[in-house]
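Fold and contact review
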Amino acid sequence: LSLSLFLFLFLSLFLSLVTVRLEEQIDLSVTTKFVYIHWMGTGIGFAIRGRFGVVHGSIQANFTPFHMAIETSSREDLDQQVVTDQLASQSGLKQRVLEKEEAKDRPVRGFTGVGSGQGPPSRPIGAKSSASPSVSRTGASVAASGDVAAIFQDVRSADVSVDWPWAAVHFPNNDVKQPLAVLATGDSTLDGLRTHLTKDTAVFALTRVVDHVDDIPTKKFIQITWVGDSVKPMAKAKIATQKGGIIEIIGQSHLSVFAGAPNDTNERILKEKISVSSGSKR
């Protein structure tokens, strides 16, 4: 079903929730994939955005199960080829390695997301940066304290023998004008993460699970977003506009979860979602 059939519905003043079915070729089999689309038009006021953030988890539950969630206010993100490529990335079908001829003309891209074409930006010896800005293609810019990049890299580089490594960041005191700061890290289980998922906090986390595809252990990354019910509506609305920048700071993931309750981060549930999306579930 072509996504272009839905575009006329997504006007700037609309809030829309849609499930789309696509087909994907895995080996010699054609598999059905479902994509949950949450469209928040740029013309929707802050108050409505805030109210919807409170009930989004319970609404999303009515669309389950699905293999991938897309939350956007940009029509470019709903291009069928873009969505198909994202599904392929989650399933491990998309080749991420550039050929030599393709790579030579690509600018070097650092953590800030600003390409120089000549390598990483230089900095005077001894100079320190308290915040690293990350600019979203479709949302408001976001800054992060200097140690944020390291904790997410630790999750990505953790050995497969380490169960559920995770790292979480937040806006201190829910002040969205401040840079994202390190909240906590851990491994073995997500129990430690769940202790921070309270009604008055907004938390953004990355964790990793090992999925076995054709008996080969494969690292899969999960991005978790939590916005508590008691977070102020203005803060919720601002976070919604900054989502693209937050994702760029955390980095790529195979699964995005907008948790409506702490139990949405249950390890069994998350692992099952990863298995379904990769096709390894039996």
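Values in this document were obtained by computation on a predicted structure and should not be read as measured data.

Things to note about the overall build of the chain
Counting its secondary structure elements, the chain contains 8 helices and 10 strands. Each of the 282 residues in the chain was classed as buried or not, and the buried ones make up 39%. In the chain, the share of contacts with a sequence separation of at least 24, taken over all contacts with a separation of at least 6, comes to 62%.

Thoughts on the side chain of R194
In this structure, R194 sits in helix 5 (residues 191-194). Within the structure, the side chain of R194 is placed 2.9 Å from the backbone oxygen of T265, a separation counted as a polar contact. Looking at R194, its side chain comes within polar contact range of the side chain of E267, at 3.2 Å.

Here's the deal with helix 4 (residues 148-157)
Those residues of helix 4 that sit buried are V148, I151, F152 and V155. The buried residues of helix 4 occupy an angular sector of 95 degrees when the element is viewed end-on, so they sit on one face. Where helix 4 is buried, its residues contact strand 5 (142-145), strand 6 (166-170), strand 7 (181-186), strand 8 (202-213), strand 9 (216-227) and helix 7 (243-250).

Quick look at the sheet that holds strand 7
If you walk across this open sheet you meet the 5 strands as 7-6-8-9-10, and the pairing is mixed. Bordering the open sheet on either side are strand 7 and strand 10 (255-259), each of which pairs with just one other strand. Averaged over all pairs of adjacent strands, the angle between their axes in this sheet comes to 25 degrees, without regard to strand direction. With 5 bridges connecting them, strand 9 and strand 10 associate as parallel partners.

A short note on the pattern of salt bridges
This structure, assessed with the given rule, holds 3 salt bridges. Between R194 and D191 there is a salt bridge, with its nearest N and O atoms 2.5 Å apart. With R194 and D191 both in helix 5, this residue pair falls 3 residues apart, about one helical turn. Classification of D191 by relative accessible area gives partly exposed; the value is 45%. Across the salt bridge formed by E272 and R268, the nearest N and O atoms sit 3.8 Å from each other.

A word on the nonpolar core
Side chains that are nonpolar tend, in soluble globular proteins, to be buried together. Counting 23 residues, the largest nonpolar core has F152, F171, L180 and F204 as the members making the most contacts within it. Looking at this core, the elements with two or more residues in it are strand 5, helix 4, strand 6, strand 8, strand 9, helix 6 (233-241) and helix 7. When residues in this core are grouped by element, the largest group, 4 residues, is from helix 4. Look past the residues within four positions of F152 in its chain and what remains in contact with it is A167, V169, F204, L206, I249 and I250. Counting 18 residues, the second largest nonpolar core, distinct from the first, contains A168, A184, W226 and I274.

Here's the deal with the packing of aromatic side chains
Each aromatic ring pair is specified by the distance between its two centres and by the angle formed by the two planes. Going through the model one piece at a time under the given rule, you end up with 1 aromatic pair. Where F171 meets F204, the ring centres are 6.0 Å apart and the plane angle is 80 degrees; that geometry is what we call edge-to-face. In this pair, F171 sits in the loop between strand 6 and strand 7 while F204 sits in strand 8, placing the two residues 33 residues apart along the sequence. In this structure, R156 is placed above the aromatic ring of F221, and the distance from its NZ or CZ to the ring centre is 4.9 Å.

Let's talk about the environment of M234
Among the structural elements, M234 can be located in helix 6. Since its relative accessible area comes to 55%, M234 is described here as exposed. Once the C-alpha coordinates of M234 and R51 are considered, the two residues, 183 residues apart in sequence, prove to be 9.8 Å apart.

Observations concerning the confidence of the model for the chain
Chain-level statistics for the chain give a pLDDT mean of 76 and a share of 68% at 70 or above. Per-element confidence in the chain ranges from a low mean pLDDT of 44 for strand 4 (residues 131-134) to a high of 97 for strand 6. Below a pLDDT of 50 lies the segment residues 7-13, which in the model reaches 18 contacts outside its immediate sequence neighbourhood of four places, other chains included. Predicted confidence for residues 108-138 stays below pLDDT 50, and this span has 45 contacts to residues more than four positions away or in other chains.

Looking at the layout of surface pockets
Of the volumes computed, that of the second largest pocket is approximately 470 Å³. If you trace the second largest pocket, you find 22 residues lining it, with T64, P65, F66, I269 and K273 closest to the centre. Where the lining of the second largest pocket is concerned, the elements lending two or more residues are helix 1 (46-61), strand 3 (68-72), strand 10 and helix 8 (267-278).

Scoring rules and cut-offs
- Residues numbered from 1 in each chain as written.
- Predicted model: local features only at pLDDT ≥ 70, side-chain atom pairs only at ≥ 80, totals over all residues.
- Heavy atoms only, no water.
- Helix = DSSP H or I, 4+ residues; strand = E, 2+ residues; numbered from the N terminus.
- Buried < 20%, exposed > 50% of the residue type's maximum accessible area, 1.4 Å probe, protein only.
- Contact = heavy atoms within 4.5 Å.
- Polar contact = N/O pair within 3.5 Å; in protein donor to acceptor, adjacent residues only side chain to side chain.
- Arc of directions from axis to C-beta.
- Pairing = 2+ DSSP bridges.
- Axes fitted to C-alpha atoms, helices over the stretch in contact; angles between N-to-C directions.
- Salt bridge = Lys/Arg side-chain N within 4 Å of Asp/Glu carboxyl O.
- Core = buried A, V, L, I, M, F, W, Y, C linked by side-chain atoms within 4.5 Å.
- Phe/Tyr/Trp six-rings, centres within 6.5 Å; stacked < 30°, edge-to-face > 60°.
- Lys NZ or Arg CZ within 6 Å of the ring centre and 35° of its normal.
- pLDDT = per-residue confidence, 0-100.
- 1 Å grid on protein atoms, 1.4 Å probe; cavity = no way out; pocket = protein on both sides within 12 Å on 5 of 7 lines; lining within 4 Å.
- Points joined across faces, edges and corners; volume = space filled by probe spheres on them.

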